Amino acid sequence: MIDFHCHLDLYPDPQAVVRDCASKGIYVLSVTTTPSAWKGTSRVADGAPRIRTALGLHPELVHERAGELALFDELLPRTKYVGEVGLDGSPALRQYWPEQQRVFEHVLRSCSRAGGRVLSVHSRRAAPAVLDALAKHPDAGTPVLHWFSSASRELERAIAMGCWFSAGPGMLQSQRGREILSRLPRDHTLTETDGPFVRIGTDAAVPSDVTAVEAGLAHIWSMPLPEVRERLLTTLRMLTQSALGPEH
Ligand code: MN
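These notes cover the structure that comes with them. As the structure is a prediction and not an experimental result, all values here were calculated from the model.

Side note on the coordination of the manganese ion
Piece 1. The protein atoms that coordinate the manganese ion are His5 (NE2), His7 (NE2), Glu84 (OE) and Asp194 (OD), at distances of 2.2 to 2.3 Å.
Piece 2. Mapped onto the sequence, the donors of the manganese ion take the spacing H-x1-H-x76-E-x109-D. Taken together, the residues His5 in strand E1 (residues 2-6) and Glu84 in strand E4 (residues 81-86) connect sequence positions 79 residues apart.
Piece 3. Judged by its relative accessible area of 1%, Glu84 is buried.

What about the sheet that holds strand E2 (residues 27-30)?
Piece 1. One open sheet holds the three strands; their spatial order is E1-E2-E3, and the pairing between them is parallel. A strand with exactly one partner marks an edge of an open sheet, and here the two such strands are E1 and strand E3 (51-53). Recorded for the sheet is a direction-independent mean angle of 10 degrees between the axes of neighbouring strands.
Piece 2. For E1 and E2, the ladder comprises three bridges, and the chain directions are parallel. Note on E2: the bridge partner recorded for Ile2 is Tyr27.
Piece 3. In the packing of helix H10 (residues 225-244) onto the sheet, the strands contacted are E1 and E2, and the crossing angle to E1 comes to about 60 degrees.

Describing the side chain of Ser150
Piece 1. Take Ser150: it is sitting in the loop between strand E6 (141-146) and helix H7 (152-160).
Piece 2. By relative accessible area, which is 11% here, Ser150 ends up buried.
Piece 3. Every residue in contact with Ser150, bar those within four places of it in the chain, is listed here: Ser123, Ala127, Arg176 and Ile180.

Cut-off values and rules
Residues numbered from 1 in each chain as written. Predicted model: local features only at pLDDT ≥ 70, side-chain atom pairs only at ≥ 80, totals over all residues. Heavy atoms only, no water. Donors = N, O, S within 2.8 Å, 3.2 Å for Na, K, Ca; no water. Helix = DSSP H or I, 4+ residues; strand = E, 2+ residues; numbered from the N terminus. Buried < 20%, exposed > 50% of the residue type's maximum accessible area, 1.4 Å probe, protein only. Pairing = 2+ DSSP bridges. Axes fitted to C-alpha atoms, helices over the stretch in contact; angles between N-to-C directions. Contact = heavy atoms within 4.5 Å.

Put into structure tokens, the structure is as follows:
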């Protein structure tokens, strides 16, 4: 199983989630929302070989935490993974749009200078601007668009740009989400939960809940579940090898 976008540090007991992932052999991209959270969150995954901790600055927090960009640059050499970063065009955040753009540009420039990173990218109501920024910084690395939910024109553009995608439980809950899932390129699609923000029933989603997404993909792809899981593991291998080289 693969949860390529999970906020491990935001669970009440992150260690318990890490232990559960280890016992089930789940690969996790542990994303952070601020640079100052990265060190502590990395430590939670010490001794967990299937967990990678990404350095992030979430677009919803940019207006409070832009001052941590210097820390972002300082920590960037220590990880091959960046996220959660991106842009959010929701009405409540519109007043911070110029600052969001400035910070995302900075992040992409830093990643380019560092030789490229795997990026878990947030694009809610902001896909055209996110794709513009990624197109402007082709050396920033390998973007994985998390919970992509934009119109088909943007989806086509993202696919043409060679973006990767991480599909989560939220996308199974609407007709539109399922329509997007059906159009994602199978060899560029991974699973995620976005836990603990996403809820499954009354509980916060945990990485093992990607089984729901695997089942959804099995249905949409008309593929047996074991084959879907095999496909996803191959995709993860392809992503890390093409982005980071054979040793990762
Ligand atoms: Mn998230």
